[in-house]
Amino acid sequence: MADITIDALTSGDLRMGSLEVRLAETNAEVEAAQAVRFQVFYEEMEAHPTPEMARLRRDFDDFDPLCDHLLVIDHARGAGAAGVVGTYRLIRRSAAARAGSFYSSDEYDIARLEEYRGEILELGRSCVDAAYRSRHAMQLLWRGIAAYVAMHDIHLLFGCASLPGTDPKALALPLSYLHYHHLAPPALRPVALPHRYVDMRLMAEHDVDARRGLALVPPLIKGYLRLGGFVGDGAVVDHQFNTTDVSIVVKTDMITDKYLRHYERRGSAMI
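Below is a short write-up of the structure. Not measured: the values here are computed from a predicted model. (Residues numbered from 1 in each chain as written. Predicted model: local features only at pLDDT ≥ 70, side-chain atom pairs only at ≥ 80, totals over all residues. Heavy atoms only, no water.)

What follows concerns the pattern of salt bridges. For the structure on display, the rule yields 14 salt bridges. Here Asp64 ties to Arg89 by a salt bridge, and the two come within 2.8 Å at their closest N and O atoms. Taken together, the positions of Asp64 in the loop between helix H3 (51-56) and strand S3 (68-74) and Arg89 in strand S4 (residues 84-92) put the pair 25 residues apart, joining distant regions of the chain. By relative accessible area, which is 4% here, Asp64 ends up buried. Arg89 gets classed as buried once you look at its relative accessible area, which sits at 3%. Among the charged side chains, a network of salt bridges with common partners joins Arg37, Asp59, Asp61, Asp64, Arg89 and Arg125. (Salt bridge = Lys/Arg side-chain N within 4 Å of Asp/Glu carboxyl O. Helix = DSSP H or I, 4+ residues; strand = E, 2+ residues; numbered from the N terminus. Buried < 20%, exposed > 50% of the residue type's maximum accessible area, 1.4 Å probe, protein only.)

Structural data, given as structure tokens:
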């Protein structure tokens, strides 16, 4: 990405109007990101918070102090924490080592990804305030991820992405479509842990209408697919977040200027 410099996340270069994307620099900014996560996941999407989360009105876990937090800040609302309207959580090998694992390892066997040569990055907790789900906020988030990839020479992106609801049978068409059309090659294929594994082949392949199946895939997952992303083997029901998860894998050489131009032209609220 020739137009994105390595130091863009610290130089203030990634701006569009009053919006800026950069890494969190203070505990207050991380807490503001957690508050946006609580608003989106627990209030809007009806996830189930712990009593402490409900009291503090923040979504948090043990990974948060160890990883990087990419922020969208609206300077029209305020500088720093006061202006945080979107976030992505970024976990590299070093942060996972301090935590003892990657977040995804609670749902998937990711040994093949961990063995991948070069730096890998787990993406998660992607969310944007409902008032900011325009192409501008998501363009900035993806440009921020691109800058982070360049900054740390990351070769592989992965993480869990969600479909709404905890009844896989109700999601038979999109899950089957993803398995038959976007399954990761064996060398890059996470597999849902045996005690959590839900077979995504809920329909016979010849019964899957690819166009309808893709239409039912959430925008965030579609965005990864446009990057040339794959899904792992098996879905996982996450009762806390009221979702059914799939594992996503993207090689960073698929994130090209051509994709960014496509994204700018069409836009998408990938949340």
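Having put the structure on the table, let's press on.
So, on to the side chain of Asp64. For Asp64, the side chain forms a polar contact with the side chain of Arg89, separated by 2.8 Å. In contact with Asp64, not counting residues within four places along its chain, are Gln34, Arg37, Asp59, His69 and Arg89. (Polar contact = N/O pair within 3.5 Å; in protein donor to acceptor, adjacent residues only side chain to side chain. Contact = heavy atoms within 4.5 Å.)

Across the 9 residues of S4, 8 count as buried, placing the element largely inside the fold. By the bridge criterion, 6 bridges tie S3 to S4 in an arrangement that is antiparallel. Residue pairing across strands places Val72 opposite Gly86, the latter belonging to S4. As defined by bridge partners, S4 adjoins strand S6 (residues 119-128) across 6 bridges and the pair is classed as antiparallel. Paired with Leu90 across the strands is Leu123, a residue of S6. (Pairing = 2+ DSSP bridges.)

In this structure, Leu70, Tyr88, Leu178, Ile221, Tyr224 and Val246 are the most contacted members of the largest nonpolar core, which totals 47 residues. A total of 9 residues in this core trace back to one element, the largest contributor, which is helix H6 (residues 135-152). In this structure, Leu70 is in contact with Leu9, Val21, Arg22, Leu23, Gly86, Thr87, Tyr88, Leu90, Leu141, Gly144 and Ile145, ignoring residues within four places of it in sequence. With 16 residues, the next largest nonpolar core counts Ala95, Ala96, Ile120 and Phe158 among its residues. (Core = buried A, V, L, I, M, F, W, Y, C linked by side-chain atoms within 4.5 Å.)

Relative to the helices and strands, Val21 resides in strand S2 (residues 19-23). With relative accessibility at 1%, the residue Val21 sits in the buried group. Setting aside anything within four residues of it in sequence, one finds Val21 in contact with Leu9, Leu14, Leu70, Leu71, Leu140, Leu141 and Gly144.

So, about the side chain of Ser247. Along the chain, the position of Ser247 falls in strand S11 (residues 243-251). Those residues in contact with Ser247 that lie beyond four places of it in its chain are Tyr108, Gly159, Pro190, Phe230, Val231 and Gly232.

This part is about helix H2 (residues 27-44). In an α-helix there are 3.6 residues to a turn, and that puts residues three or four apart on one side. In a regular helix each residue adds 1.5 Å, so 18 residues correspond to 26 Å; H2 covers 24 Å between its end C-alpha atoms and thus fits that length. For H2, the full list of buried residues reads Glu29, Val30, Ala32, Ala33, Gln34, Val36, Arg37, Phe38, Val40, Phe41 and Tyr42. On its buried face, H2 sits against S2, H3, S3, S4 and S6. (Expected span 1.5 Å × (residues − 1).)

Turning our eyes to something else, we now look at the pairing of strand S7 (residues 154-164). As a general feature of sheets, a regular strand has side chains that alternate between the two faces. Bridge count for S6 against S7 is 4 bridges, and the pairing is parallel. What sits directly across from Leu121, in S7, is Leu157. Regarding topology, H6 serves as the crossover connection from S6 to the parallel S7, and that connection is right-handed. Direction of pairing for S7 relative to S11: antiparallel, over a ladder of 9 bridges. Opposite Gly159, over in S11, you have Ile248 as the bridge partner. (Right-handed = clockwise from strand over helix to strand, strands pointing away.)

Bringing unusual backbone geometry into the picture now. Note on backbone geometry: most residues besides glycine have negative phi, and most peptide bonds are trans. A positive phi angle, near 55 degrees, is found at Arg57, a position not held by glycine. Looking at the element boundaries, Arg57 is found in the loop between H3 and S3. Residue class for Arg57 comes out partly exposed when judged on its relative accessible area of 46%. Despite not being glycine, Asn242 shows a phi value in the positive range, around 60 degrees. Secondary-structure assignment places Asn242 in the loop between strand S10 (236-238) and S11.

Purely spatial values, then, with no claim about function.
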